[in-house]
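# Summary of structural features
Residue strings, one per chain:
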Amino acid sequence: MNNLKKLTVIIVTYNTAEKIILDCLQSIQKDIKVLIVENSNNFLHERIVKSRFPNTEIYCTGENLGYGGGNNYGLQKAGGDYALIINPDIICDKDLFSNISEVINETNDFSIIGCQYLHDRVFMPAGFFKKSKNEEFRQNFLNNNLDILSEVEWVTGCSMLLNLKKFKHKKIFDENFFLYFEEVDLCKSLINKGEKIYTSKKLKIHHLGFKSSFEESSEEKININILREWHWMWSSFYFYKKNYNYFVALRKMSGKFIKSIIKIFYYFITFQKVKKKKYLYRFLGILNAMIGRPSFFRLKDK
């Protein structure tokens, strides 16, 4: 059975560098339907992409919807039973799509199957919410003791296969998140419903990491890092508050909150502006989550 005819690849971009997106598209099997969702008014590389990759459709959202909102937008446009969500800084393994077809044929009860990294053994591609169980999984992963298909509780969102037949609606991500924790929150909600999430040794990708949305100018890198610090803190607090309760979120994040205050003061008196700025935006991310403000911070608001 050829499940690949029912598969759509969704790539959310935001001013992504030309080489990054072209390398990603080049690694995708040419008869697979691809949707690019550009989180702005204009996809800069539309002409070259359409000329080289006729299997690709391009949509511009008109605003930056973030990871979850952008993928929700793409899922509304996707047809078929399955969607592979990948970041633009992903290179697909040469056997990824044939292996996807095999895995789907072998496993029909999944909601999500996460891919694994070709080269990276530092960052975990999947895991569990309970610390002890997560550490056991980590050791099995590092020692290459996992099964071809291993049941887990969360997977990373840079590359994951969705079984759309398991979802009543295609707006599956919580759009209160703008950056970080969207996929973990989705996995948590699925686990709470008794749905199945897996990671597969057959599904391999190469993740360049932190290269999907900006060039290499030092000023832009600093600005992007500020955005990340704010949203990592905001999203962390919101995740714990939503999935546990407000007091669990306070307990989990209080140490980082206090540390940020101390670091702001220290880097202020030692005239280290960049580091002071980093912890200032960490502090602001947590503070805004604590008082219930939405994830409003964007670079244009600086």
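A brief structural summary. Only a predicted model underlies this, so the values are computations on that prediction, with no experimental measurement involved.

## A look at the overall build of the protein
Across its full length, the protein carries 9 helices and 11 strands. Expected size for 302 residues packed as a compact globule is a radius of gyration near 19 Å; at 20 Å, the protein falls within 12% of this value. On the principal axes, the C-alpha backbone points of the protein span a range of 65 × 45 × 35 Å. Counting across all 302 residues of the protein, residues that qualify as buried make up 50%. If you sum the accessible surface of the protein, you get close to 15,200 Å²; carbon and sulfur atoms cover 52% of it. Averaged over its 46 positive side-chain charges, the protein has a centre that lies 6 Å from the centre of its 32 negative ones.

## Let's talk about the nonpolar core
Among the nonpolar cores identified, the biggest contains 35 residues, and Ile28, Leu84, Phe97 and Ile100 are the most heavily contacted of them. Breaking this core down by element, the ones donating at least two residues are β1 (7-13), α1 (18-26), β2 (33-38), β4 (82-86), β5 (90-92), α4 (96-106), β6 (110-117) and β11 (196-207). Tallying contributions element by element places α4 first for this core, with 5 residues. Beyond its immediate sequence surroundings of up to four residues, Ile28 is in contact with Val9, Ile11, Val34, Ile86, Cys92 and Phe97. If you look at the next biggest cluster of nonpolar residues, it comprises 29 residues, including Ile112, Phe141, Leu146 and Phe173.

## Section: unusual backbone geometry
Of note in the backbone geometry, Tyr180 takes a positive phi value of approximately 80° without being a glycine. The phi angle at Phe181 is positive, at roughly 75°, despite the residue not being glycine. When you line up the elements, Phe181 lands in the loop between β10 (159-163) and α6 (182-192). Given a relative accessible area of 13%, Phe181 falls into the buried group.

## Brief notes about the environment of Lys19
If you trace the backbone, Lys19 turns up in helix α1. Residue classification places Lys19 among the exposed positions, given a relative accessible area of 59%. Along the chain, Lys19 and His45 lie 26 residues apart, while their C-alpha atoms are 9.9 Å from each other.

## A short note on the packing of aromatic side chains
Counting across every chain of the model gives 20 aromatic pairs. Ring centres of Phe128 and Phe137 lie 5.8 Å apart, and the angle between their planes is 70°; this geometry places the pair in the edge-to-face category. Phe137 shares its class with Phe128; the two are buried. Relative to Tyr240, the ring of Phe239 has its centre 5.6 Å away and its plane inclined at 70°; by these criteria the two rings are edge-to-face. When sorted by exposure, Phe239 lands in the same class as Tyr240, which is buried. It is Lys188 that lies over the ring of Phe129; its NZ or CZ is 5.0 Å from the centre. For the cation-ring pair, Arg298 lies above Phe178, with the distance from its terminal atom to the ring centre recorded as 3.5 Å.

## With respect to the pairing of β6
Among the 8 residues that make up β6, 8 are buried, leaving the element largely enclosed by the rest of the structure. Of the strand pairs in this sheet, β6 and β11 are connected by 6 bridges, and their pairing is parallel. By the bridge assignment for β11, Gly114 is matched with Thr199. Across 3 bridges, the pairing between β6 and β10 is antiparallel. By the bridge assignment for β10, Gly114 is matched with Met160.

## Examining a nonpolar patch on the surface
There is a patch of nonpolar side chains on the surface, built from Phe265, Tyr266, Phe268 and Ile269 and spanning about 460 Å² of accessible area. Within the fold, Phe268 resides in helix α8 (residues 246-269).

## A few points about the pairing of β2
Burial analysis of β2 places 5 of its 6 residues in the buried class, the great majority of the element. Direction of pairing for β1 relative to β2: parallel, over a ladder of 6 bridges. From the neighbouring strand, Ile11 faces β2, where its bridge partner is Ile36. Relative to strand β3 (residues 56-60), β2 runs parallel, the two sharing 5 bridges. Residue pairing in the sheet places Ile36 in a bridge with Ile58 of β3. Note that the unit made of β2, helix α2 (residues 46-52) and β3 has a crossover that is right-handed.

## Notes on helix α5 (residues 131-142)
Between its first and last C-alpha atoms α5 spans 16 Å; for 12 residues at 1.5 Å apiece the expected length is 16 Å, and the two agree. Positive backbone phi, approximately 60°, marks Asn144, located one or two places after α5.

## Describing helix α9 (residues 273-290)
For α9, built from 18 residues, the straight-helix expectation of 26 Å at 1.5 Å per residue is met to within 8% by its first-to-last C-alpha distance of 25 Å. Listing the buried residues of α9 in full gives Tyr279, Tyr281, Arg282, Phe283, Gly285, Ile286, Asn288 and Ala289. Following α9 by one or two positions, Gly292 has its phi on the positive side, about 85°.

Reading the values: the criteria
Residues numbered from 1 in each chain as written. Predicted model: local features only at pLDDT ≥ 70, side-chain atom pairs only at ≥ 80, totals over all residues. Heavy atoms only, no water. Helix = DSSP H or I, 4+ residues; strand = E, 2+ residues; numbered from the N terminus. Rg over C-alpha atoms; globule rule 2.2 N^0.38 Å. Buried < 20%, exposed > 50% of the residue type's maximum accessible area, 1.4 Å probe, protein only. Areas by Shrake-Rupley, 256 points an atom, 1.4 Å probe, with all protein chains shown as cover. Lys, Arg positive; Asp, Glu negative; His and termini not counted. Charge placed at Lys NZ, Arg CZ, Asp CG, Glu CD. Core = buried A, V, L, I, M, F, W, Y, C linked by side-chain atoms within 4.5 Å. Contact = heavy atoms within 4.5 Å. Phe/Tyr/Trp six-rings, centres within 6.5 Å; stacked < 30°, edge-to-face > 60°. Lys NZ or Arg CZ within 6 Å of the ring centre and 35° of its normal. Pairing = 2+ DSSP bridges. Patch = residues over 30% accessible without salt bridge, like charges linked within 9 Å, V, L, I, M, F, W, Y side chains within 5 Å. Salt bridge = Lys/Arg side-chain N within 4 Å of Asp/Glu carboxyl O. Right-handed = clockwise from strand over helix to strand, strands pointing away. Expected span 1.5 Å × (residues − 1).

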